[in-house]
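Fold and geometry: a report
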Amino acid sequence: MTVDDVCDHPVGRPDAVSDDVFTAMQHRHRRYTLYFLLEHDSTSLTELTDIVTGWTHVGEYGMVGRADWKRIYTTLLHQHLPMLEDADLLVFDRNEGSIERTEWSDPLFRIVRLTHNAETNVHAG
Amino acid sequence: MTFADILADVEDRRRTLVVYSSVDRPEILDRFTFRNVTVERRSLPGETAQGFAVVRNDEFVGSIGLEELQLLLEPPFAPPWDETIIGEAYCALYELLDDILFTSLDRRQLLGASREIENRAWHVGSGTLRAGFQRFSALETQLPVYTRLARETDLEIHVYSKDEWKPASSPGFAYYGDSHEDIGRFWFLSFDGGGDDRQMGALLAEERTPDEFVGFWTYDPELVAELSRTVRDLSS
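Predicted, not measured: the structure shown is a model, and the values here were computed from it. All chains use their own residue numbering, which begins from 1 and follows the written sequence. Here chains are named by letter from A upward and ligands by number from 1 upward, in the order in which they appear as written. Two thresholds apply to this predicted model, a pLDDT of at least 70 for residue-level local features and 80 or more for giving and counting side-chain atom pairs, whereas whole-chain, interface and lining totals are computed over all residues.

Secondary structure counts use DSSP, requiring at least four H or I residues in a row for a helix and at least two E residues in a row for a strand, with both numbered from the N terminus. Scanning chain B for helices and strands turns up seven helices and 11 strands. Throughout, the radius of gyration refers to the C-alpha atoms, and the reference size of a globule is 2.2 Å times the residue count to the power 0.38. Rg of the C-alpha trace for chain B: 18 Å, near the compact-globule value of 18 Å for 236 residues, within the 12% margin. Counting only C-alpha atoms, chain B reaches 60 × 35 × 30 Å along its principal axes. Each residue is classed by its C-beta neighbour count within 10 Å, where at least 20 other C-beta atoms makes it buried, 12 or fewer makes it exposed, and intermediate counts make it partly exposed; the C-beta atoms are placed from backbone geometry. For chain B, the proportion of its 236 residues judged to be buried stands at 43%. Here contacts are defined at the residue level, using C-beta atoms placed from the backbone and a cut-off of 7 Å between them. In chain B, 64% of the contacts between residues at least 6 apart in sequence involve partners at least 24 apart.

Structure (structure tokens):
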């Protein structure tokens with residue numbers, strides 16, 4: 001075992017959250033995907049695109065339209081969902097367009113919830 | 001086509017409104033009632049105030065924060081040329097919710113939608129604006145707006161009401177005191193875009209109970225043209 005292996009998989013802490021999760025959370029659209037999965041076990045690519053588009057544009061009136069939606073759909077499909085799947089945060093069925101949350105550990109739930117509360121200005125949550 | 005046919009046409013344009021929120025917002029959502037819209041509710045985590053609504057036909061039409069949606073309930077009073085109020089955001093909100101048959105619009109909300117269409121007319125500065133008033137008193141209130149539009153632009157303004165009235169003749173302004181029963185039963189407004197289809201807009205509403213209207217606004221060029229045709233036919 002190399003030093004790198006030790007850092008990637010902390011010995012004796014099976015609940016620890018992997019670095020992949022933090023990398024996954026660097027992008028706003030991936031974070032909002034995870035926020036929705038706090039509440040729902042599964043969704044579809046179409047609905048997720050509605051959610052990411054609507055939620056990240058709250059406060060901007062109806063300026064967001066079909067073109068924004070298509071752009072977000074494409075990057076979710078080709079970039080963000082594969083990355084979230086690689087981080088073992090969800091399972092994405094490309095044929096069905098379905099998304100299912102994996103079994104998240106308690107620490108992972110806590111991190112996503114905390115980030116959600118901070119980013120969406122939750123006063124109590 | 002009659003006004004009733006046009007309302008029926010709009011009723012066939014199905015929409016879905018999906019409301020995403022972590023807490024119920026009945027003070028906003030219960031005040032909107034529709035004929036052609038299916039409302040669905042999906043929960044968001046926590047107690048975030050940032051709820052939003054997504055409008056779909058078979059595709060994504062647009063989305064709006066629930067707070068922003070409140071503007072539609074009590075639109076500000078402003079003349080159509082006041083673009084500090086009737087600006088891009090104001091227009092975007094009305095565009096998002098066009099072709100929706102609302103069942104309980106009040107006078108203020110219809111005035112808000114009218115201002116958006118009149119703003120287009122003001123902005124383009126040419127073309128034909130047709131406005132129908134149920135009551136002469138309503139026309140009297142709006143007369144200063146329409147005379148200024150006629151005076152300061154190249155718009156042709158045609159005003160309809162069932163009452164007899166002889167306005168002082170002025171260029172660009174025509175009054176039709178008509179006896180057709182639909183004039184007087186409906187509140188209508190249409191702007192032909194002055195040659196630009198993207199600027200077309202129309203509104204049609206019927207007062208079913210006092211200060212409660214069934215109606216819609218639209219930016220669909222075909223529907224705007226149909227409404228204008230109907231108005232012309234009624235007054236000819």
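This paragraph deals with the nonpolar core. All names here are of chain B. In this structure, Ala53, Ala202, Leu203, Leu204 and Ala205 are the most contacted members of the largest nonpolar core, which totals 87 residues. Examining the composition of this core, we find that six residues originate from one element, helix α5 (residues 107–124), more than from any other. If we skip the residues at most four places from it in the chain, alanine 53 touches Leu17, Val18, Val19, Ser63, Ile64, Leu66 and Leu69. Note on terminology: a nonpolar core is a set of buried residues of type Ala, Val, Leu, Ile, Met, Phe, Trp, Tyr or Cys, with members joined through C-beta atoms within 7 Å.

Looking now at the environment of proline 79 of chain B. Residue and element names in this part refer to chain B. Mapped onto the elements of the fold, proline 79 is located in the loop between α3 (66–73) and α4 (88–96). By the C-beta count within 10 Å, which is 15 here, proline 79 ends up partly exposed. With 40 residues separating them in the primary sequence, proline 79 and asparagine 119 have C-alpha atoms 8.3 Å apart.

With that settled, consider the interface of chain A and chain B. Facing 25 residues of chain A, the contacting portion of chain B comprises 24 residues. Going through the elements one at a time, α3 (28–39), α4 (45–56), α5 (66–86) and α6 (106–119) of chain A are the ones with two or more residues in the side of chain A that touches chain B. In terms of residue count, α4 of chain A provides more of the side of chain A that touches chain B than any other element does, five residues in total. Under the grouping applied here, Gly and all other residues not named as nonpolar or charged are polar, the nonpolar ones being Ala, Val, Leu, Ile, Met, Phe, Trp, Tyr, Cys and Pro and the charged ones Asp, Glu, Lys and Arg. Taken together, the residues of the side of chain A that touches chain B break down into 11 nonpolar, 11 polar and three charged.

As a further point, take the sheet that holds strand β4 (residues 60–65) of chain B. All names here are of chain B. Pairing within the open sheet is mixed, and its four strands lie in the order β2-β1-β3-β4. With one partner strand each, in any of the chains shown, β2 (37–43) and β4 form the two edges of the open sheet. In this sheet, adjacent strand axes meet at a mean angle of 20 degrees when their direction is disregarded. At least two bridges found by DSSP between two strands is the condition for calling them paired. Of the strand pairs in this sheet, strand β1 (residues 15–21) and β2 are connected by seven bridges, and their pairing is parallel. Residue pairing in the sheet places arginine 15 in a bridge with valine 37 of β2. Structural elements are reduced to axes, namely lines fitted to C-alpha atoms, with helices fitted over the stretch in contact, and the angle between N-to-C directions of any two is expressed from 0 to 180 degrees.

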